[in-house]
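Here is how the chains run, residue by residue.
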Amino acid sequence: MSAYRLLCRFRLVLAISSALVLGLLAWNLVQSRSYDPLEATRLEQMQLRLAANPKDDALRDQLRTLDRQVRERYLHHRRVALQGLALLAVLASLLALAHAAAETLRPRSYSAEPDATEILAQTRAKAAQGAYVLATALGGILVVLATLGRNDPLGSYVREGMKPHATEAPGQASGSAPPAPPVGQGSLPPADPLALGKPPLAGSLPATPPTTRLEPEAPAGAGTQRPSSPAVRPAPSKSALPDLEPCLPAGLEADWPRFRGPAGNGVAAARPPLPGKGLKVLWKVAVPLPGWNSPIVVKGSVLLAMADSTRREVAAFDARTGELLWRTPIPYQGPLPKVSQDTGYAPSTMASDGERAYAIFPDGLLVGLDLGGSVLWTRSFGPFENPYGHASSLLCHGKNVIVQLDQGSDPEERKSRLVALDGATGKNVWQVDRAVSASWATPLLLRAGTRELLVAMAPPLVCAYDPDTGKEVWRVEGLGGEPAPCPAFDEHRVYAGNLGSYLFAINPSGEGDITRTGVLWDTSDYLPDIVSPLAFRESVYLLGPDGTLACLRAKDGSLVWEHRIGLTKASPTAVGDAIWLVTDAGRLVVLQPGDAYRELGAMELGEVVRASPAFVGDRVYVRGQDHLFCLGP
Amino acid sequence: MKRTSLALTGLLAPLLAMGQEQKRQPPPDFTSGYQLPSPTTPVPKEALFAWFDVGVLLLALVLAAYIVLSRRSRAWLLVLTAFSAAYFGFYRLGCVCSVGSVQNVVLAFAEPSYRLGLSVAAFFLLPLLFALFYGRVFCSGVCPLGAIQELVLVKPLRIPDWIAGPLGLVPFLYLGLAVLYASSGAGFVVCRYDPFIALYRLGSSPLMAWLTGMFLAASLFIGRPYCRFLCPYGALLRVASWLASKPARIAPAACISCHLCAKECPYGAILPPSAEGDRAPLHQLRRTLARRLAVAAPLVVCLTVLGWFAGPAMARVHPKVTLARELALSLDRPEAPKTLAVEAHRRLGRSDEEVFREAAAIQRSFRFGGAAFGAWAGVVVAAYTVSLALRRRRREYVAEPGTCFACARCFASCPVLPNGDRS
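Described below are features of the structure shown in this document.

Parameters at a glance
- Residues numbered from 1 in each chain as written.
- Chains lettered and ligands numbered in written order.
- Predicted model: local features only at pLDDT ≥ 70, side-chain atom pairs only at ≥ 80, totals over all residues.
- Heavy atoms only, no water.
- Helix = DSSP H or I, 4+ residues; strand = E, 2+ residues; numbered from the N terminus.
- Buried < 20%, exposed > 50% of the residue type's maximum accessible area, 1.4 Å probe, protein only.
- Contact = heavy atoms within 4.5 Å.
- Areas by Shrake-Rupley, 256 points an atom, 1.4 Å probe, with all protein chains shown as cover.
- Axes fitted to C-alpha atoms, helices over the stretch in contact; angles between N-to-C directions.
- Parallel < 35°, antiparallel > 145°, perpendicular 65-115°, else oblique.
- Left-handed = near helix turned anticlockwise from the far one by under 90°.
- Pairing = 2+ DSSP bridges.
- Phe/Tyr/Trp six-rings, centres within 6.5 Å; stacked < 30°, edge-to-face > 60°.
- Lys NZ or Arg CZ within 6 Å of the ring centre and 35° of its normal.
- Polar contact = N/O pair within 3.5 Å; in protein donor to acceptor, adjacent residues only side chain to side chain.
- Core = buried A, V, L, I, M, F, W, Y, C linked by side-chain atoms within 4.5 Å.
- Lys, Arg positive; Asp, Glu negative; His and termini not counted.
- Salt bridge = Lys/Arg side-chain N within 4 Å of Asp/Glu carboxyl O.
- Expected span 1.5 Å × (residues − 1).
- Nonpolar A, V, L, I, M, F, W, Y, C, P; charged D, E, K, R; others polar.

1. Examining the overall build of chain A
Secondary structure summary: chain A contains five helices and 36 strands in total. Expressed as a percentage of its 633 residues, the buried residues of chain A come to 56%. Long-range contacts, defined as pairs at least 24 residues apart, comprise 57% of the intrachain contacts of chain A with a sequence gap of at least 6. Of the roughly 26200 Å² that chain A leaves accessible, carbon and sulfur atoms contribute 55%.

Right, dumping it as structure tokens:
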């Protein structure tokens, strides 16, 4: 047998082998889809059940087993796919080489060129026929599509004047979620736990849709249950909701003594002119060291904390002229804290009670200074078990400093604390151990009726305390993710939530565990990762990590509008009749609150901004990456 | 051997890409102590980078035109091709590219609120502008999609012209589809099904990785299968190149009709001279022309009508129609698991009627769009068949500007020297 024929046979064997491997890989791909954890319907159902009944240890164990099995099977298929691909690559390479060699050895026969004109005529005729075949094939495809269109299940809905089928349960057509299975009912189906992507067996689960997130109201005291999303509870009448008011620090109502203003909810009493209508840069000074914390303004001074890996300082600038008044070094006393780049070494915003100012850094060092920059006392709470570095900001209640010190990954380890210190001495006034994991949020202080509440959020709780004693007043369970946005409140509700979890609208008038009774609605859409929500004029504004600003109705959480404004870390502030925002790119945007997105003005600062601005009088203080800006008329 | 190794690398790359492709998996359902890092969103690149890309594109186009028309050098063109694959492909990850920019331009016309970036517009216009003067120099060594196919072409098999010709109409049909879907807001199908993106980004869905592998495998033996038989931007370039004032010429002096260039061309773009006389009698040609003109009108009407009826099904690609269909299915079968889109719709609190109403409006608009697409397809096929019945006279072997990729292979095979002598 000639070498050419041998190569041809070898080539044929390789081609068949390659096709076989290709087919097996395709089969493996189809199989692996069944075990994709992202598509595992059974897993999702069990997660929902577990969320509804977190005390069910047997269910938890089954979920773990199923989860592990799914992952193992999925990874097994991936391993097979990789091995198959490697084999296919070898076979394809050999095939290419064998083909090249065979072509080289192929006996050639030369013949005279046929008449070019004749070839051209034949080719043209055939090409025209080919074009008609193409048109016919296209026509066939269009016929198939037209037939598919006639059998489309959507067709009946569209043709019947968009009316849903009669089989639908009342209430579904109006957009409300369908009724949900009673929680905690039904045992797990005894089917093969790996039989994924199939509907549950009849009788083992309620006949209602298994993936619905809505849960009915259960009688109080039936056990803790996380509210699901979207869940609009039967809203209490407005009269049943308490009137909420800010706890403004005495004498500092017109200043900006803490993160998000005197009330801590991003509502300012200032009245600066709008961009394009008189707002201009009054002064701009370089900030000596970096830091993402926001400026506070107290008694004519703008205070900042700033730090890098070698130095850290607290500085004060004259609010009128921008002149640097003083810089106080706060030396590092131990090993550098581990922080992410986004956190930096000075993420926490300072606070002041009007006599003193307080700053905390990621290594846990809390410093009390007088307003002249002299250090009065220090306390060290670190080091923290915190993956990004401690970033919660401070606030003052009377003469006390409130410090939220949440850390750890397991709430049951109870490593987290909420501490109130005497501002004059730095000594503990009260301290509460918290069964929560790490968070980066700042507490919120408000008055609900006759009582004051200190609201702090960390997985798995949104919890309110008495700010005078530290005694827990109420709690909502079900918070997850990594909370960095602060809680907010309006006239009647408290809002708390973050990305990877839920946003809860809470009626803060209850006591004890109000998970069932106090959550008015919750949502898992448009959740912020860093930016704190703004509750203003019966709307809640959420700014997501992709730069989308969403306006929700405060009464039920439904969407009013959304608009992409660009990546933003600074929290929005309600100033007068407008909402002020600064994007990461340094674009100051002023919006009109209402039913649609509408800009009232904008201004470019030309610098990266991540800190929330401070608003005092007719001035706006913005901390950029390198400069402190003062804007005003 | 060099080409073989390049080709093998090209074949293996998508497989490796598939191997490296890491599918995002959800976190486990129970606490293990592992702290998930917070997701971060990268800050958008400065506009300066986009203009830098435009500068690189312009420079590459100028170089390609210079190399093809003045230097007539295949070697330098290969260097430029490798650079384009490296820069526009692997470094810029295949985006922005002129091929996909068609859709941006269409959407900008169809949707006033969509803002077309100037750099995207430049990517759309510059290759067309160069094609108006010099033919498809963009395809020769600048387009990253063409570059990778050019580099892996080991053993070109000549596809018969009577097959390649009708298949060459597919890009026009694909262009029609891309325009329909982009203008309706259904999405950018050309980008979604870009067959080489898995290679340039070293990772994609399994389906796209397979598609990449298939196209690369085909490219080993078929010259530029994507460019010739699918690329919608290539259809525009083809039309622009027909008007080219200074396209590449095979022989630097008088052609001696040696046929060597036609044998060398892997794309079947070189047409023989007809100087010896097109022996088909004129009356026969006229009869053929009359027949095809007679067929043209019914063909266009037929495809238009079919497109009208197929429109609603074509609208299924639109995400709003997809949602409405899933919603309808979930209402018909409440026991079936709901899709993520349906769950999201429930959470948003919008009414089902609103979704169905929107879907109905889109389907209605797709009836017109489908009819327009059918008409376009009919016109394309009719124009092609009619063009085949026209007599053309060529005195020498010429590269048909519309299908010539200016790859410079034929230059080396031409024995004619610039002074008219033979090598």
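From this point on, the discussion continues.
2. Concerning the packing of helix 4 (residues 98-110) of chain B against helix 9 (residues 170-183) of chain B
Two quantities define a packed helix pair, namely the angle between the helix axes and the distance between the axes. Residue and element names in this part refer to chain B. Interaxial distance between helix 4 and helix 9 falls to 8 Å at its minimum, and their mutual angle equals 45°. By the angle between their axes, helix 4 is oblique relative to helix 9. Taken as a pair, helix 4 and helix 9 cross one another with a handedness that is right-handed. Only L175, A178, V179, A182 and S183 of helix 9 make contact with helix 4, whose side of the interface consists of V102, Q103, V106, L107 and A110.

3. As for the pairing of strand 22 (residues 494-497) of chain A
The two faces of a sheet get side chains in turn, since along a regular strand they alternate between them. Residue and element names in this part refer to chain A. Judged by which residues are buried, strand 22 turns out to be covered on both faces: V494 and A496 on one side and Y495 and G497 on the other are all buried. Two strands pair when backbone bridges link them, and strand 21 (residues 488-489) and strand 22 are joined in this way by two bridges, in the antiparallel orientation. Bridging from a neighbouring strand, F489 pairs with V494 of strand 22. Of the pairings in the sheet, the one linking strand 22 to strand 23 (residues 503-506) comprises four bridges and is antiparallel in character. Pairing of A496 across the sheet is with F504, part of strand 23. Between strand 22 and strand 23, which pair antiparallel and follow one another directly, the connecting turn spans five residues, one of which, G500, has a positive phi of 80°.

4. Side note on the packing of aromatic side chains
All chains considered together, the criterion is met by 25 aromatic pairs over all chains. Judged by centre distance (5.5 Å) and plane angle (35°), the rings of Y87 of chain B and Y91 of chain B are tilted. Separated by four residues within a single helix, Y87 of chain B and Y91 of chain B lie in helix 3 (residues 74-91), roughly one turn from each other. Classification of Y87 of chain B by relative accessible area gives buried; the value is 10%. Within the aromatic cluster, the residues linked to one another by ring pairs are F52, F83, Y87, F88, Y91 and F123 of chain B. Against the face of W292 of chain A rests R610 of chain A, its NZ or CZ located 4.6 Å from the ring centre.

5. A few points about the environment of R249 of chain B
Residues and elements named next belong to chain B. Positionally, R249 belongs in the loop between helix 14 (232-242) and helix 15 (260-264). Taking relative accessible area as the criterion, R249 reaches 38% and is therefore assigned partly exposed. In sequence terms R249 and A408 are 159 residues apart; their C-alpha atoms lie 9.9 Å from each other. Engagement of the side chain of R249 in a polar contact is seen with the backbone oxygen of A253, the distance being 3.1 Å. Within the structure, R249 has its side chain in polar contact with the side chain of E396 (distance 2.9 Å).

6. What about the nonpolar core?
With 116 residues, the main nonpolar core has V99, F138 and Y233 of chain B as its most contacted residues. No other element matches helix 19 (residues 352-388) of chain B, which puts 12 residues into this core. The residues contacting V99 of chain B, other than those within four sequence positions of it, are C143, L145, V190, Y226, C231, P232 and Y233 of chain B. In this structure, V302, V616, V620 and C630 of chain A belong to the second largest nonpolar core, which totals 34 residues.

7. Comments concerning the environment of G370 of chain B
Mapped onto the secondary structure, G370 of chain B falls in helix 19. With 58 residues separating them along the chain, G370 of chain B and P312 of chain B place their C-alpha atoms 8.2 Å apart.

8. With respect to the side chain of D529 of chain A
When you line up the elements, D529 of chain A lands in the loop between strand 25 (519-523) and strand 26 (534-536). Despite its burial, D529 of chain A pairs with no opposite charge; the closest candidate is K569 of chain A, at 7.4 Å N-O. Every residue in contact with D529 of chain A, bar those within four places of it in the chain, is listed here: A484, P485, L499, L543 and P545 of chain A together with P39 of chain B.

9. A look at the sheet that holds strand 7 (residues 312-318) of chain A
All names here are of chain A. Spatially, four strands are ordered 5-6-7-8 in an open sheet, and the strand pairing comes out antiparallel. In this open sheet, the two edge strands, each paired with only one partner strand, are strand 5 (296-298) and strand 8 (324-329). Across the sheet, the mean angle from the axis of one strand to that of its neighbour is 25°, orientation sign disregarded. Pairing of strand 5 with strand 6 (residues 301-307), which is carried by three bridges, proceeds in the antiparallel orientation. Bridge pairing in strand 6 links I296 to L303.

10. So, the sheet that holds strand 4 (residues 280-286) of chain A
Residue and element names in this part refer to chain A. Spatial ordering of the open sheet is given by 4-36-35-34, a layout of four strands whose pairing is antiparallel. Each having just a single partner strand, strand 4 and strand 34 (614-616) make up the two edges of the open sheet. Averaged over all pairs of adjacent strands, the angle between their axes in this sheet comes to 20°, without regard to strand direction. Examined bridge by bridge, strand 4 and strand 36 (residues 627-632) share six bridges and lie antiparallel to one another. By the bridge assignment, K284 is partnered in strand 36 with F629.

11. Section: the pattern of salt bridges
Residues and elements named next belong to chain A. A full pass over the atoms with the stated rule returns 30 salt bridges over all chains. Between E355 and K399 there is a salt bridge, with its nearest N and O atoms 3.1 Å apart. In this pair, E355 sits in the loop between strand 9 (351-352) and strand 10 (356-360) while K399 sits in the loop between strand 13 (395-397) and strand 14 (400-405), placing the two residues 44 residues apart along the sequence. Classification of E355 as partly exposed rests on a relative accessible area of 44%. Counted as one network, the salt bridges with shared partners bring together D353, E355, R356 and K399.

12. Thoughts on the environment of A316 of chain A
All names here are of chain A. Within the secondary structure layout, A316 lies in strand 7. The exposure class assigned to A316 is buried, which follows from its relative accessible area of 0%. A C-alpha to C-alpha distance of 6.6 Å links A316 and R327, two positions 11 residues apart in sequence. Contact partners of A316, with chain neighbours within four places excluded, come to S301, V302, L303, E323, L324, L325 and W326.

13. Quick look at unusual backbone geometry
Residue P459 of chain A is joined to P460 of chain A through a cis peptide bond whose omega torsion reads 5°. One can find P460 of chain A in the loop between strand 18 (451-458) and strand 19 (461-465). If you check the backbone angles, R537 of chain A has positive phi at about 50° while not being a glycine. Looking at the element boundaries, R537 of chain A is found in the loop between strand 26 and strand 27 (539-543). Positive phi, normally seen in glycine, also occurs at A406 of chain B, with a value near 50°. Looking at A406 of chain B, the relative accessible area reads 5%, which means it is buried.

14. Structural notes on the side chain of S348 of chain A
Residues and elements named next belong to chain A. By the secondary structure assignment, S348 is in the loop between strand 8 and strand 9. A residue is classified by how much of its surface remains accessible, and S348, at 1% relative accessible area, is buried. Here the side chain of S348 touches A391 through a polar contact of 3.4 Å, landing on its backbone oxygen. Only 2.9 Å separates the side chain of S348 from the backbone oxygen of S392, close enough to count as a polar contact. For S348, the residues in contact, after removing those within four places along its chain, are N293, I360, H390, A391, S392 and S393.

15. As for helix 2 (residues 47-71) of chain B
Since one α-helical turn is 3.6 residues long, residues separated by three or four positions face the same way. Residue and element names in this part refer to chain B. For helix 2, built from 25 residues, the straight-helix expectation of 36 Å at 1.5 Å per residue is met to within 8% by its first-to-last C-alpha distance of 34 Å. All buried positions along helix 2 are accounted for by D53, V54, V56, L57, A60, L61, A64, A65, I67 and V68. Elements that come into contact with the buried residues of helix 2 comprise helix 3, helix 5 (118-134), helix 6 (137-141) and helix 20 (409-413). Two residues or fewer past helix 2, R72 is found with a positive phi of approximately 50°.

16. Here we look at the packing of helix 4 of chain B against helix 5 of chain B
All names here are of chain B. Where helix 4 contacts helix 5, the two axes come as close as 8 Å, and the packing angle between them is 115°. Once helix 4 is placed against helix 5, the crossing between them reads as left-handed. On the side of helix 4, the interface is formed by S98, S101, V102, N104 and V105, while helix 5 contributes V120, F123, F124 and P127. Counted by class, the contact of helix 4 with helix 5 contains six nonpolar, three polar and no charged residues.

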